[in-house]
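Architecture at a glance
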Amino acid sequence: MLSIVFHKRRRLVRRLFFNHEQVRTMSRVKRRTTHPPYWHVLKNNQRQDEKISSDNLRFVREVIQDKYKNKSPIKGSDLDIEKKEWDPKTKRSGVIARNIGVQHMWEKDGKKVVCTVLHVLDNHVIRYVPPEEYAKSIIGAKVFRNRKPLGCLVVGAEAANPDRFTRQYCSLFNEVGLLPKKRLARFIVTPNAVLPPCTPLTAGHFVVGQAVDVYGKTIDYGFQGVVKRWGFKGGPASHGATKFHRRGGTIGTGRDKARVWPGQKMPGHMGSERRFCRGLKIVRINMKYNVIYVKGTVPGPTNSIVQIFDTLLPRRKFTEAPPHPTYFPPEDGTLPQEDIWDSNMHVFGSPSIPV
């Protein structure tokens, strides 16, 4: 009798300390998709180009230019933009940019800094989605589940030929009178940072020295093994090792739970993840070419599309009022400074040794 009780207690201790349930750290849902969501409007035109003469093609382009010439937001000087006051809780709009490479820069003390060059494209505000409408969307319902909803601005970049897109997609730009944009993005804004449609957004939307967050998609490496994907050491190179040099080894537990735990590090698709880089400092802005230099690296390869907006880090937010709600050229027609540098950076062309 005593032996039976002893074995039961021993079995209970094993269950408590050795066979406990593990908390799942990774979802079983697919982590990435290679196609747009089903609620998006069909974008690309699937019809094949018809064989038309050069004269007819030239005529079609002239008709498109005449249609959008009088509605161009750059030539329209009657934009009624009410400038409202800024406060520390304000959320401004962001911009869409292209990662055009990495450049080395130097500080005045001689320290080398790796900077990413981001070209702000021809950004324009497409429309404003009010809080009541945005809270009913799929994304808005998740974001504002337990808090007061905010509206969002739809920003477009890279104007293109309307023949490349479907009629449903081109209808999104009919009200604003803009050429269809290749890229669209939504930025949550507060009521005091709302911009009317057709408002252009340039590199002057940000200031030198401020911290920004950059959102993009990482480099897609495809299917990779555990050595490259997770940094495994692998097996020995010699001493009897056969076909085990870059393998991951056992994936089982070896005990009563004869299965693979969810979240096990195994070979699979590497990269193509949507990531944020927060708190990157702007060290240089070129107003002539709409180029922003940020300190550090951003997600994605060269020539990829990223989104730039004010940082959410509490200790790196604005302490003074930025261009609010965005940068507007001076009314007197004076040109802004072409190249704006941070005070700690060494300006190319200036003497490195002070005289």
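Residues numbered from 1 in each chain as written. Predicted model: local features only at pLDDT ≥ 70, side-chain atom pairs only at ≥ 80, totals over all residues. Heavy atoms only, no water.

1. Topic: the pairing of strand β11 (residues 291-295)
Short version of the rule: Throughout this description, buried means an accessible area under 20% of the type-specific maximum (1.4 Å probe, protein chains only), exposed means over 50%, and partly exposed covers the range between. Each helix is a run of H or I in the DSSP string that is no shorter than four residues. Each strand is a run of E no shorter than two, and both are numbered from the N terminus. Each pair of strands is called paired provided DSSP finds at least two bridges between the two strands.
Counting buried residues along β11, four of its five residues qualify, which places the element largely inside the surrounding structure. In this sheet, β11 lies alongside strand β2 (residues 112-120) in antiparallel orientation, the contact comprising five bridges. Residue Thr116 lies in a different strand from β11, and its bridge partner there is Val294. The pairing of strand β10 (residues 274-286) with β11 spans four bridges and is antiparallel. Paired with Arg284 across the bridge in β11 is Tyr293. Where β10 hands over to β11, the hairpin turn is made up of four residues, of which Asn290 adopts a positive phi near 55°.

2. Considerations on the sheet that holds strand β5 (residues 181-189)
Strand order in the open sheet formed by four strands is β5-β4-β3-β6, and the pairing between neighbours is antiparallel. Each having just a single partner strand, β5 and β6 (200-201) make up the two edges of the open sheet. As paired elements, strand β3 (residues 123-129) and β6 share two bridges and run antiparallel to each other. Bridge assignment links His124 to a residue of β6, and that residue is Pro200.

3. Some words on the pairing of β2
In the sheet, strand β1 (residues 95-106) pairs with β2 via nine bridges, with the strands oriented antiparallel. Along β2, the bridge assignment pairs Met105 with Val113. Counting the residues in the hairpin turn of β1 and β2 gives five residues, including Gly110, whose phi is positive at 95°.

4. Concerning the packing of aromatic side chains
Threshold: The rule is short: rings of Phe, Tyr and Trp, with Trp giving its six-membered ring, pair when the centres are within 6.5 Å, and they are stacked under 30 degrees, edge-to-face over 60, tilted in between. Placement of a positive charge over a ring is assigned whenever Lys NZ or Arg CZ falls within 6 Å of the ring centre and within 35 degrees of the normal to the ring plane.
The final tally for this structure, using the stated rule, is eight aromatic pairs. The interplanar angle of 75° and the centroid separation of 6.3 Å between the aromatic rings of Phe276 and Phe309 together place this pair among those described as edge-to-face. Separated by 33 residues along the polypeptide, Phe276 in strand β10 and Phe309 in strand β12 (residues 305-310) bring together distant segments of the chain. A relative accessible area of 43% means that Phe276 is categorised as partly exposed. Each residue in the set Phe187, Tyr215, Phe276 and Phe309 is aromatic and connected to the rest through ring pairs, giving one cluster. Its end group placed over the ring of Trp261, Arg259 keeps NZ or CZ at 4.5 Å from the ring centre. Geometry around Phe276 places Arg278 over its ring, the cationic atom sitting 4.5 Å from the centre.

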